[in-house]
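What the coordinates show
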Amino acid sequence: QVRVVESGGGLVQPGGSLTLSCAASGRLLSVYSMNWYRQAPGKQREKLGAITEDGITTYADSTEGRFTITRDNAKNMAYLHIHGLKPEDTAVYYCNVFSRSATNTLDSDWGQGTQVTVSS
């Protein structure tokens with residue numbers, strides 16, 4: 001079973017920066033794409049971007065160039081770097097991981113999310 005854990009959220013002032021982490025663990029053979037989403041209060045979950053095992057990144061237009069996704073394959077970790085935070089970035093941020101498990105099944109797993117609050 002694959003476990004996904006996000007961390008790094010918190011209270012940040014407008015204009016600040018934050019790096020969120022996503023750790024995938026368990027009986028993994030391979031980790032494919034690692035994807036970041038967020039869900040603001042009263043809104044649908046929104047995909048922010050993704051990074052492949054080869055380091056290729058894609059981003060939603062809504063990220064406005066303020067979000068960067070990186071990855072450490074040796075640690076099965078992905079990172080979401082956000083700068084120029086705005087109050088409207090307040091949301092729970094989720095990581096979604098596509099992987100191949102030790103039982104040779106393809107899995108899609110979600111973490112519990114990490115809260116980011118942007119406020120002065």
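Structural data are supplied above this passage.
All of the points below concern the structure found in this document. All values derive from a computational prediction rather than experimental measurement.

Cut-offs applied
- Residues numbered from 1 in each chain as written.
- Predicted model: local features only at pLDDT ≥ 70, side-chain atom pairs only at ≥ 80, totals over all residues.
- Heavy atoms only, no water.
- Helix = DSSP H or I, 4+ residues; strand = E, 2+ residues; numbered from the N terminus.
- Rg over C-alpha atoms; globule rule 2.2 N^0.38 Å.
- Buried < 20%, exposed > 50% of the residue type's maximum accessible area, 1.4 Å probe, protein only.
- Contact = heavy atoms within 4.5 Å.
- Areas by Shrake-Rupley, 256 points an atom, 1.4 Å probe, with all protein chains shown as cover.
- Lys, Arg positive; Asp, Glu negative; His and termini not counted.
- Charge placed at Lys NZ, Arg CZ, Asp CG, Glu CD.
- Pairing = 2+ DSSP bridges.
- Axes fitted to C-alpha atoms, helices over the stretch in contact; angles between N-to-C directions.
- Disulfide = S-S within 2.5 Å.

The helix and strand inventory of the protein chain stands at zero helices and eleven strands. Mapped from its N terminus to its C terminus, the protein chain presents α and β elements in the order β-β-β-β-β-β-β-β-β-β-β. Since a compact globule built from 120 residues should have a radius of gyration of about 14 Å, the 14 Å found for the protein chain is in line with a globular shape. Viewed in the frame of its principal axes, the protein chain has a C-alpha envelope of about 45 × 25 × 25 Å. Classification of the 120 residues of the protein chain by burial places 42% in the buried group. In the protein chain, once contacts between residues fewer than 6 apart in sequence are set aside, the share between residues at least 24 apart is 54%. Summing over all exposed atoms, the protein chain offers an accessible surface of approximately 6,300 Å²; the carbon and sulfur share of this is 48%. Positive and negative side-chain charges of the protein chain, numbering 11 and 11 respectively, have mean locations separated by a distance of 4 Å.

Let us look at the pairing of strand β7 (residues 67-72). Here β7 shows a clear split, with Phe67, Ile69 and Arg71 buried on one side and none of Thr68, Thr70 and Asp72 buried on the other. Pairing geometry for β7 and strand β8 (residues 77-82), over six bridges, is antiparallel. Along β8, the bridge assignment pairs Thr68 with His81. Following β7, the chain reverses through four residues before pairing antiparallel with β8; Asn76 in that reversal takes a positive phi of roughly 55°.

Before going further, it helps to spend a moment on the sheet that holds strand β3 (residues 18-26). Whether parallel or antiparallel, the strands of a sheet pair through hydrogen bonds between backbone atoms. Here four strands make up an open sheet; going across it, the order is β1-β3-β8-β7 and the pairing antiparallel. For this open sheet the edge positions go to β1 (2-7) and β7, each flanked by a neighbour on one side alone. Strand-to-strand twist of the sheet, defined as the mean angle between neighbouring strand axes without regard to direction, takes the value 15°.

When strand β9 (residues 91-101) meets strand β10 (residues 106-110), the two strands line up antiparallel, connected through five bridges. In the strand pairing of β10, Arg100 is matched with Leu106. Counted along the chain from β9 to the antiparallel partner β10, the turn is four residues long, and its residue Asn104 has a positive phi close to 70°.

Our next topic: the state of the cysteines. Following the criterion strictly, the structure yields one disulfide and no others. With its sulfur 2.0 Å from that of its partner, Cys22 forms a disulfide with Cys95. On the S-S bond that ties Cys22 to Cys95, the torsion sits near -75°, and the link is left-handed. Of this pair, Cys22 sits in strand β3 while Cys95 sits in strand β9, placing them 73 residues apart in sequence. An identical accessibility class is assigned to Cys22 and Cys95; each is buried.

What follows is about unusual backbone geometry. If you check the backbone angles, Glu64 has positive phi at about 55° while not being a glycine. Following the sequence through the fold, Glu64 ends up in the loop between β6 (57-59) and β7. Look at Asn76: it is not a glycine, yet its phi comes out positive at around 55°. Looking at where Asn76 falls in the secondary structure, it is placed in the loop between β7 and β8.

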